[in-house]
Amino acid sequence: MIGITFFRVLRNALRNFRRNVWLSIATTVIMTLTLLVISFLYVVNVIGTQVLTTFSQKVDIAVIFKNSATDEQIKTIESNVSARPDVADTHVISSEEALNQFRARHKDDPYIEQALSELQRNPLPNSLYIIAKDPQFYTDISNSLRDPSYAQFIEKVNFEDSKQIIEKLIHIMAVIKNTALLVTGIFAVLVMLIMFNTIRLAIYSFREEIDIMRLVGASRWYIQSPFILESMLVAIISVTISITTTFLLLNAGAEQINRFFFAGQNAAFDIYAYAISHWVQLIGTEFGVALLLAVMSSYIAVRRYLK
Amino acid sequence: MITFTKVSKGYSDQSPALSDITLSIPTGDFVSIVGQSGAGKSTLLKLLSAEEKPSDGSIVIDGWDITKIKNWQVPYLRRQIGVVFQDFKLLPKFTAFENIAFAMEVGGADPKEIRSSVPQILKLVNLVDKANTYPNEMSGGERQRVSIARALAYKPQILLADEPTGNLDALNSWDIVQLLIKINKLGTTVLLATHNDDIVNALKKRVITLNQGKLVSDQEGGTYKL
């Protein structure tokens, strides 16, 4: 009985879709565009987060010690800093190590070697490099190093340049996200209005049947389900087109995206592989949004008519 | 048994469509409801099929007070009451068979039941040979018989016929009335709202006369008097 009724409701939904085929296509196109904006938002978010992560891995706080600071004092400061919960790693580079690294880097430059040998002492200071667990923690860590008790040992804390770049990146990400959210919102409202009118027109073309259905004792569920199912059908088709387009575009553009955003990085980032491995999240979000918009608009439209 | 107790129906800006109606109709009765246009005949039938709700009073059908009916119960009530209209209300793109099957589908009948019941109903209304004919290929009388057949799809206890002969010539009108008598003889209570005095006088059944929403006469074996 339930199976037969469901089959009839489904058949009526397909008939509705066919009878208003151009309107159904228009609704499908608008819904697909909305979902593509959501896909875009998703990709921007993933790439943006990845760029930030990659960049922030390269950012650190460099603490330059005064020449008077002893190895023991430096060790104490390092252990204090590494005990912080927001610090991922610390690394001390002694003045000798720093000189060796500097020499190695400029081994082909005789003028630098000559200048160094003319100096009576090692000009490079002891330094401590700190990597935070998240870029947002750098300000706090940097401030903690400005504690007066450290002032006699620390010459300088280098962080401001990196801070500005990180803040700029976070700001750009936020602007892109907000714009995409706004566009998604506008499209969502458009989809709801168009879907609402599609169902109203469908109801109009079926008004005779609906009146007779009511007359012969059709339940409200039996009358309204085909219209809701029709809009769900539009949602499913839209999600299928949107997801297929998204994956095809990501597959085609993954290399360019990697080259553009992650050039010169040790590990390449494959956005297509990422999307494939997170397909449940992406498809789930699009299905959720599409079905919610479809069911809400058609439910309101039918309910208003049946009242 | 249908019982109306002090039933009134008013619309905000008009005089009441029905006023203080009290009457009983035993199961299996055949009742003609007569009155001029606007007397309240259609309103009385609409109250029975819960298309309208009374402003006052109660209507009880076999112990079920339908004035207190919930929205979700309306379909169940309508499956017990067949309704026939002056304008037939048939689906033009459906054949006679499909029009009747449509009503059965809506009620959840399974395909096997539809296949076996529809020909029987068509036989009852004498339209077996028109099963695959579309409404626009039929005469008015045939269309009304399809409409009656559809109303019988659920084997209703009550059949409400609102001016079923209003669009028909005398010959077809008599065919329809004969069919209603046949259905009544099978045990269905029939309420016939009509203007047609010839039919009412010839029927020699109970006649309820309404005038400006009031019950002015209720006679067994009555005649059309206005």
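Being a predicted model, the structure only gives us computed values, none of them experimental.

Caption draft 1: Spatial organisation of the overall build of chain A. The number of helices and strands found in chain A is 11 helices and 4 strands. Excluding contacts between residues fewer than 6 apart, the proportion of contacts in chain A whose partners are at least 24 apart in sequence is 86%.

Caption draft 2: Structural view of the overall build of chain B. When its secondary structure is counted, chain B shows 7 helices and 10 strands. A total of 226 residues make up chain B; the buried ones form 45% of that total. In chain B, the share of contacts with a sequence separation of at least 24, taken over all contacts with a separation of at least 6, comes to 66%.

Caption draft 3: The arrangement of the nonpolar core in detail. Formed by 71 residues in total, the largest nonpolar core has its most connected members in I33, I100, A149, L160, A161 and L191 of chain B. Among the elements that take part in this core, helix α3 (residues 96–106) of chain B stands out by supplying 8 residues, more than any other. In this structure L191 of chain B touches V31, I33, L45, L160 and A161 of chain B, once residues within four positions along its chain are discounted. Counting residues in hydrophobic clusters, the runner-up holds 27 residues, among them F17, I30, L35 and L293 of chain A.

Caption draft 4: Broad picture of the pairing of strand β10 (residues 214–219) of chain B. With 5 bridges connecting them, strand β9 (residues 206–211) of chain B and β10 of chain B associate as antiparallel partners. Bridge assignment links N211 of chain B to a residue of β10 of chain B, and that residue is K214 of chain B.

Caption draft 5: Local environment of the confidence of the model for chain B. Of the residues in chain B, 98% have a pLDDT of 70 or more, and the chain-wide mean is 91. Across the predicted assembly, pTM comes out at 0.67 and ipTM at 0.81.

Caption draft 6: Structural detail: the packing of α3 of chain B against helix α4 (residues 111–124) of chain B. Residue and element names in this part refer to chain B. Running from amino to carboxyl end, α3 crosses α4 at an angle of 125°, the nearest separation of the two axes being 10 Å. Taken together, α3 and α4 sit at an angle that is classed as oblique. Along this stretch, α3 crosses α4, giving a crossing that reads as right-handed. In contact with A96, F97, I100, A101, M104 and E105 of α3, α4 contributes I114, S117, V118, I121 and L122. Looking at side-chain class alone, the contact of α3 with α4 contains 9 nonpolar, 1 polar and 1 charged residues.

Caption draft 7: Main features of the sheet that holds strand β5 (residues 64–65) of chain B. Residue and element names in this part refer to chain B. Sheet architecture is open: 4 strands sit in the order β2-β1-β4-β5, paired in antiparallel fashion. Since the sheet does not close on itself, it has two edges, and those belong to β2 (18–25) and β5, each with one partner. Where strand β4 (residues 56–61) lies against β5, 2 bridges are found, and the strand directions are antiparallel. Within the sheet, the bridge partner assigned to V60 lies in β5 and is D65. Contacts between helix α1 (residues 41–48) and the sheet are confined to β1 (2–9), β2 and β4, with β1 contributing the most and set at about 120° to the helix.

Caption draft 8: Inspection of the interface of chain A and chain B at higher detail. Contacts between chain A and chain B engage 14 residues on the former and 13 residues on the latter. Considering every element that reaches the side of chain A that touches chain B, the biggest residue donor is helix α8 (residues 207–215) of chain A, with 5 residues. Looking at the side of chain A that touches chain B residue by residue, the class counts come to 8 nonpolar, 3 polar and 3 charged.

What counts, and at which threshold
Residues numbered from 1 in each chain as written. Chains lettered and ligands numbered in written order. Predicted model: local features only at pLDDT ≥ 70, side-chain atom pairs only at ≥ 80, totals over all residues. Helix = DSSP H or I, 4+ residues; strand = E, 2+ residues; numbered from the N terminus. Contact = placed C-beta atoms within 7 Å. Buried ≥ 20, exposed ≤ 12 C-beta atoms within 10 Å, placed from the backbone. Core = buried A, V, L, I, M, F, W, Y, C linked by C-beta atoms within 7 Å. Pairing = 2+ DSSP bridges. pLDDT = per-residue confidence, 0-100. Axes fitted to C-alpha atoms, helices over the stretch in contact; angles between N-to-C directions. Parallel < 35°, antiparallel > 145°, perpendicular 65-115°, else oblique. Left-handed = near helix turned anticlockwise from the far one by under 90°. Nonpolar A, V, L, I, M, F, W, Y, C, P; charged D, E, K, R; others polar.

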